[in-house]
Amino acid sequence: MAKRSRSDRPSKALSDRGVRFRLLVDSAIDYAIFMLDTEGRVVTWNAGAERIKGYRAEEIRGRHYSCFYPEEARRAGTPAHLLEVAASQGRCEDEGWRLRKDGSRFWANVVITAVRDGAGRLLGFSKVTRDLTERRRAQEALDERARALEEKTRALEAAQEALVRRERLAILGQLAGGLSHELRNPLGVVKNSAYFLRMVLPDDEPARKHLAIIEREVGTANRIVTALLDFARVSVPTRVPSDLNTVVRARLDRAAVPDAVTVAATLAEDLPLVAVDPEQIGLALGNLILNALQAMPGGGALTVETSWTARDVLIGVADTGVGIAPEHLDKIFEPLFTTKARGIGLGLSVVKRLLEANGGGITVESTPGQGSRFLARFPRASEDP
Ligand SMILES: Nc1ncnc2c1ncn2[C@@H]1O[C@H](COP(=O)(O)OP(=O)(O)OP(=O)(O)O)[C@@H](O)[C@H]1O
Ligand SMILES: [Mg+2]
């Protein structure tokens, strides 16, 4: 008897500790703490579990714990998988969305621990779940604010860049204008001298070959100077009611179209007049046509079309040439951007400036290897009926 009572005492102490421990678990309300059997069915349930998940103990006991998981996690086999990991590794931690009884979701941190007897047999699992929804919301709000800040920083940087670019452009324009003007005269002199030499040199003079080179290169230099002058010229447009079909026809007549390129002009009837400077629009169109022709070294089709909507009058210039790489699309209108060995990269920046000075704009669509289509758009004069 004495022996038994002695052995009773520690077990009573233990059970007291067990009671205390259970009280502790039962009263914890910030954590859902409960036991699962080896299959994953709920065996115990504490106050925290009821508070977080919304089930009362008698409703949930015996049910499989997969009911806490959203449909997609259940379909993916997550509940079973977590138990497998806990069984094989002793413990398993997971974070994710879980379901309350009312179907609402909460962001949970979950720790599942395998519970084994002294012989190592699996008795079940203990599961501790924390509701981190608030923390996650706070984190998300913080992330959102960081993103907004980043966006603002980017916008600020872009604005600054635009400012620098505008300033640089203005300086470049002045420089280019002055320089081109200065270069015109000496180039003219070189050209005249070459012409004079060609006149006086005998026909069989071997140096004639070099004269041809000089004349060709002077031509190139003149082209560059003209482009720079076009770019630098800040002439204010003289806007008059103009028929863009006439502008298109005149430009196409002037274009040096290679034999391998077919030209189609699709001009809309009854095209409304727009208030633009026809000279400047012609210049812009000339640049677009030149680019289109240069994009089709092996030949192809050039299509220029006009059309109109209730608000705009449009000119489209399409080619079946090399096309534009997507990463170049937002650069081609910048001055000095070129992919051509002998290009200056001023054509499209001039086009853009000319169109904008005339109240219009330009967009582009292109498929590398198939061709490009530039679309110039002019708003119809507001006094139009
Ligand atoms: N129709 C087109 N097809 C394919 N690429 C084009 C076309 N038009 C323009 N591009 C691309 O845009 C770049 C810039 O064109 P832009 O007219 O400004 O300069 P450029 O033609 O290279 O030189 P420049 O016109 O000053 O002689 C070209 O180098 C080319 O890469
Ligand atoms: Mg060009």
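Whatever comes next refers back to the structure up there.
Starting from 1, residues in each chain are numbered consecutively following that chain's sequence as written. Written order decides the labels, with chains lettered from A and ligands numbered from 1. Residues qualify for local features only when their pLDDT is at least 70, as the model is predicted, and side-chain atom pairs are given and counted only at 80 or more; totals for whole chains, interfaces and linings, by contrast, use all residues. Where side-chain values are given, they derive from all heavy atoms of the structure, hydrogens and water being excluded.

Overview of the packing of helix 6 (residues 133-200) against helix 7 (residues 208-232)
Look at helix 6 against helix 7: their axes get within 8 Å of each other, and the N-to-C directions meet at 155°. Accordingly, the angle class assigned to the pair helix 6 and helix 7 is roughly antiparallel. Crossing of helix 6 over helix 7 shows left-handed handedness. Helix axes are fitted only over the stretch in contact, all axes being lines through C-alpha atoms; the angle between N-to-C directions runs from 0 to 180 degrees. Elements are defined by DSSP. Helices are runs of H or I of four residues or more, strands are runs of E of two residues or more, and each kind is numbered from the N terminus. Any angle that falls under 35 degrees is termed roughly parallel, while one over 145 is termed roughly antiparallel, one within 65 to 115 roughly perpendicular, and all others oblique. Note on convention: near helix rotated counterclockwise from far helix by under a right angle means a left-handed crossing. Clockwise means right-handed.

A closer look at the state of the cysteines
Note on disulfides: each one is a pair of cysteine sulfur atoms within 2.5 Å. Counted by the stated rule, this structure contains zero disulfides. Looking at the unpaired cysteine 67, the closest cysteine sulfur is the one in cysteine 92, lying at 18 Å.

With respect to the side chain of serine 372
Relative to the assigned elements, serine 372 resides in strand 11 (residues 371-379). At 3.0 Å, the side chain of serine 372 and the side chain of serine 366 are in polar contact. Pairs of residues are marked as contacts when any of their non-hydrogen atoms sit within 4.5 Å. If we skip the residues at most four places from it in the chain, serine 372 touches Val317, Ala318, Asp319, Gly323, Ile324, Glu365 and Ser366. Polar contact is defined as a pair of N or O atoms within 3.5 Å, subject to the rule that within protein one atom must be able to donate a hydrogen and the other to accept it, and that residues adjacent in sequence are counted only when both atoms are side-chain atoms.

A few points about the packing of aromatic side chains
Note on aromatic contacts: the rings of Phe and Tyr and the six-membered ring of Trp form a pair at centre separations within 6.5 Å, being stacked when their planes are under 30 degrees apart, edge-to-face when over 60 apart, and tilted otherwise. Going through the model one piece at a time under the given rule, you end up with seven aromatic pairs. The interplanar angle of 25° and the centroid separation of 5.7 Å between the aromatic rings of tryptophan 45 and phenylalanine 68 together place this pair among those described as stacked. In this pair, tryptophan 45 sits in the loop between strand 1 (31-37) and helix 2 (47-53) while phenylalanine 68 sits in the loop between helix 3 (57-60) and helix 4 (71-75), placing the two residues 23 residues apart along the sequence. Exposed residues in this analysis have more than 50% of their type's maximum accessible area, buried residues have under 20%, and partly exposed residues fall in between, with area computed by a 1.4 Å probe over protein chains only. Overall, the relative accessible area of 7% leaves tryptophan 45 in the buried class.

Overview of the site of ligand 1
Asn291, Thr338, Thr339, Lys340 and Leu348 are the nearest of the 21 residues found near ligand 1. Taking asparagine 291, its side chain carries an N or O atom lying 2.8 Å from an oxygen atom of ligand 1. The separation between an oxygen atom of ligand 1 and a polar main-chain atom of leucine 348 is 2.8 Å. Residue burial considers only the protein chains on display, and all accessible areas are found by Shrake-Rupley using a 1.4 Å probe. Out of a free accessible area of 590 Å², ligand 1 has 94% covered by protein chains. Any residue with a non-hydrogen atom lying within 4 Å of a molecule or strand is treated as near it.

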